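Residues per chain, in single letters:
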Amino acid sequence: MNLVNALGNMLYIKFDASRNDAIFVPSSGTSSITLNRWDHSTLFHEMFHAYQFSRSDPSDWGSRLLNNEVEAHAAEYLYLRRKGLLESGSIYNTIYRNSIGGQAASELINMLDNSGNILPYYSDTSIQQGYNNSANLLSEQGGYGNYSFDSTLSGLDALGLLQSILNDC
């Protein structure tokens, strides 16, 4: 499947059941997503990476890979929550809440309202701690140990793209 994003770049979406993960491979000309299963949650996560890349300076992409994962997992978590797919008994509740990505996202997302604003009983420090905890969990247990992390970004700054999307919803 071919898609052209808003910047005019081509995005290929492929299926490869032999992979044990899904992946977004960015490029300034033609990017690709390879899925290991046809699943709207996984597709959403990888499409969010494509959106991140289309809105970033390509030279910054490599230095923020773990930051991008934290934000993509948070976006996926919100997507599932808004669709009502994290309700008790749902297959996504069982799978996603028990996954490292779901655990990493839930702590952070539960500090924000549906528009991405900090809930009144949390502070900027709480958000930063939640963000760092999410990054650490993904790095240590989620297979992202070799991903670069930009620690100069505050938690809210690093979630800026997600917040801008939420404000438009």
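Our structure's up above, just so we're on the same page.
We now turn to the structure provided with this report. (Residues numbered from 1 in each chain as written. Predicted model: local features only at pLDDT ≥ 70, side-chain atom pairs only at ≥ 80, totals over all residues. Heavy atoms only, no water.)

Under the counting rule described, the total for this entry stands at six aromatic pairs. A centroid spacing of 4.5 Å and a plane angle of 10° characterise the contact between Phe-44 and Tyr-79, whose relative ring orientation is stacked. Here Phe-44, found in helix α1 (residues 40-54), pairs with Tyr-79, found in helix α3 (residues 65-82); they are 35 residues apart in sequence, far enough to count as distant. Aromatic pair Tyr-121 and Tyr-122: ring centres 5.1 Å apart, planes at 50°, arrangement tilted. Judged by relative accessible area, which is 62%, Tyr-121 ranks as exposed. Taken together through their ring pairs, the aromatic side chains of Phe-44, Phe-48 and Tyr-79 make up a single cluster. (Phe/Tyr/Trp six-rings, centres within 6.5 Å; stacked < 30°, edge-to-face > 60°. Helix = DSSP H or I, 4+ residues; strand = E, 2+ residues; numbered from the N terminus. Buried < 20%, exposed > 50% of the residue type's maximum accessible area, 1.4 Å probe, protein only.)

The next point concerns the layout of surface pockets. Think of a ball as big as a water molecule: rolled over the atoms, this probe shows where empty space is left. The computed volume of the largest pocket comes to approximately 760 Å³. Forming the walls of the largest pocket are 31 residues, and the residues nearest its centre are Ala-22, His-45, Glu-46, His-73 and Tyr-144. Only β3 (23-25), α1, α3, α4 (91-97) and α5 (100-109) provide two or more residues apiece to the lining of the largest pocket. (1 Å grid on protein atoms, 1.4 Å probe; cavity = no way out; pocket = protein on both sides within 12 Å on 5 of 7 lines; lining within 4 Å. Points joined across faces, edges and corners; volume = space filled by probe spheres on them.)

Note that Glu-76 resides in helix α3. Here Glu-76 is in contact with Ser-41, Thr-42, Phe-44, His-45 and Tyr-96, once residues within four sequence places are set aside. (Contact = heavy atoms within 4.5 Å.)

The next subject is the packing of α1 against α3. For the pair α1 and α3, the least separation of the axes is 9 Å and the interaxial angle reads 135°. One element, α1, and the other, α3, form an angle in the oblique class. Note that α1 runs across α3; the crossing there is right-handed. Judged by residue contacts, His-40, Ser-41, Thr-42, Phe-44, His-45, Phe-48, His-49 and Gln-52 of α1 engage Asn-68, Glu-69, Glu-71, Ala-72, His-73, Ala-75, Glu-76, Tyr-79 and Leu-80 from α3. When its residues are assigned to classes, the contact of α1 with α3 shows six nonpolar, eight polar and three charged. (Axes fitted to C-alpha atoms, helices over the stretch in contact; angles between N-to-C directions. Parallel < 35°, antiparallel > 145°, perpendicular 65-115°, else oblique. Left-handed = near helix turned anticlockwise from the far one by under 90°. Nonpolar A, V, L, I, M, F, W, Y, C, P; charged D, E, K, R; others polar.)

On to the nonpolar core. Membership of the largest hydrophobic core comes to 30 residues, with the highest contact counts inside it found for Ile-109 and Leu-162. Elements with a contribution of two residues or more to this core: α3, α4, α5, α6 (124-141) and α8 (160-168). Tallying contributions element by element places α3 first for this core, with eight residues. Counting nine residues, the second largest nonpolar core, distinct from the first, contains Ile-13, Phe-24, Leu-35 and Ala-50. (Core = buried A, V, L, I, M, F, W, Y, C linked by side-chain atoms within 4.5 Å.)

We now examine the environment of Gln-163. Within the secondary structure layout, Gln-163 lies in helix α8. Each C-alpha atom of the pair Gln-163 and Tyr-77 lies 14 Å from the other, and the pair is 86 residues apart in sequence. Not counting the four nearest positions on each side in its chain, Gln-163 is found in contact with Ser-115, Gly-116, Asn-117 and Leu-156.

As a further point, take the environment of Ala-17. Inspection of the secondary structure puts Ala-17 in the loop between β2 (10-15) and β3. For the pair formed by Ala-17 and Leu-78, sequence separation is 61 residues and the distance between their alpha carbons is 26 Å.

Turning to its location among the elements, Ser-148 is positioned in the loop between α6 and α7 (155-158). Overall, Ser-148 belongs to the partly exposed group, its relative accessible area being 24%. Sequence-distant contacts of Ser-148, defined by excluding residues within four places in its chain, comprise Gly-62, Ser-63, Arg-64, Leu-65, Leu-66 and Asn-67.

As a further point, take the pattern of salt bridges. What the rule picks out here adds up to one salt bridge. One salt bridge connects Arg-19 with Asp-21, and the closest N-O pair in it is separated by 2.7 Å. (Salt bridge = Lys/Arg side-chain N within 4 Å of Asp/Glu carboxyl O.)

This paragraph deals with α1. The terminal C-alpha atoms of α1 lie 20 Å apart, and with 15 residues this matches the ideal 21 Å at 1.5 Å per residue to within 8%. Among all positions in α1, only Ser-41, Thr-42, His-45, Glu-46, Phe-48, His-49, Ala-50, Gln-52, Phe-53 and Ser-54 are buried. Taking the backbone nitrogen of Ser-41 as reference, a side-chain oxygen 2.9 Å away marks Asp-39 as the first, capping residue of α1. (Expected span 1.5 Å × (residues − 1). Polar contact = N/O pair within 3.5 Å; in protein donor to acceptor, adjacent residues only side chain to side chain.)

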